[in-house]
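# Close look at the chain arrangement
So you can see what is in the structure, the chains are spelled out below.
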Amino acid sequence: MKLSPSLAVLSLPLVTSSALAADLSVKFELPRLNVAEYHKPYVAIWIERADQSVASSLAVLYDLKLKNREGEKWLKDLRSWWRKAGRDATMPIDGVSGATRPPGAHTMKFDAARYGLDKLPAGDYTLVVEAARESGGREVVKLPFNWTGKGKLNASAAGKDELGAVSLQMQ
């Protein structure tokens, strides 16, 4: 698989309010590719701390329905996620594992309490979205952000090949 990394360095506006983080919404686009053999990509979404350790694995989208858990053997193609969190995970992960998605825009919402986001200390973090496709490429989009523990947060970036627009909204 080819590697096509994308890194968006953002200066994020932070609007302070009295409410703690309630939800995180991640929107990502899987482009329709004009290729002879198209396979839905595996996708991993997670939050990293400033030291690049995983603060929370939010979603791992792969082929759950293959017999004998055959879909799990291809998770290592999500190389960045695999090295940081996947190789030590027992799949499927309740509430994190999900089915692959077709081309188009997709929105996933994450409850702060369930994913530990309400306990994130103030600091610098990065939302990471990685996509890998059989007989295709691999791409990573990173959205750095500073979290104060309060307020609203919006950020966006775009991939080039396997991912289109990626955005996060935290409120």
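Up top is the structure.
The present account deals with the structure reproduced in this document. (Residues numbered from 1 in each chain as written. Predicted model: local features only at pLDDT ≥ 70, side-chain atom pairs only at ≥ 80, totals over all residues. Heavy atoms only, no water.)

Before going further, it helps to examine the overall build of the protein. On a plain count of helices and strands, the protein comes out with 2 helices and 12 strands. Counted from the first residue to the last, the protein has its helices and strands arranged as β-β-β-β-β-β-α-β-β-α-β-β-β-β. Counting every position in the protein, which comprises 171 residues, the buried fraction comes to 45%. Counted over contacts in the protein with a minimum sequence separation of 6, partners at least 24 positions apart contribute 68%. Carbon and sulfur atoms provide 49% of the accessible area of the protein, an area that totals close to 9,000 Å². (Helix = DSSP H or I, 4+ residues; strand = E, 2+ residues; numbered from the N terminus. Buried < 20%, exposed > 50% of the residue type's maximum accessible area, 1.4 Å probe, protein only. Contact = heavy atoms within 4.5 Å. Areas by Shrake-Rupley, 256 points an atom, 1.4 Å probe, with all protein chains shown as cover.)

Let's shift gears to the pattern of salt bridges. Within this structure, the stated rule accounts for 7 salt bridges. Between Glu130 and Arg138 there is a salt bridge whose closest N-O contact spans 2.7 Å. Comparing Glu130 with Arg138 shows no difference in burial state: the two are buried. (Salt bridge = Lys/Arg side-chain N within 4 Å of Asp/Glu carboxyl O.)

Turning to the environment of Asp77, a few remarks are in order. You can see Asp77 is positioned in the loop between β6 (54-61) and α1 (79-84). Sequence-wise, Asp77 and Arg138 are 61 residues apart; in three dimensions their C-alpha atoms are separated by 8.0 Å.

On to the environment of Arg114, then. With respect to the secondary-structure elements, Arg114 resides in helix α2 (residues 112-115). Assessed through its relative accessible area of 52%, Arg114 is described here as exposed. Counting along the chain gives 56 residues from Arg114 to Leu58, while the straight-line C-alpha distance between them is 9.9 Å. Those residues in contact with Arg114, other than ones at most four positions away along the chain, are Asp94 and Gly95.

A separate point is the side chain of His106. By the secondary structure assignment, His106 is in strand β8 (residues 104-111). Classification of His106 by relative accessible area gives buried; the value is 13%. A polar contact of 2.7 Å, which involves the side chain of His106, links it to the backbone oxygen of Pro102. Side-chain polar atoms of His106 contact the backbone oxygen of Gly104, separated by 3.5 Å. (Polar contact = N/O pair within 3.5 Å; in protein donor to acceptor, adjacent residues only side chain to side chain.)

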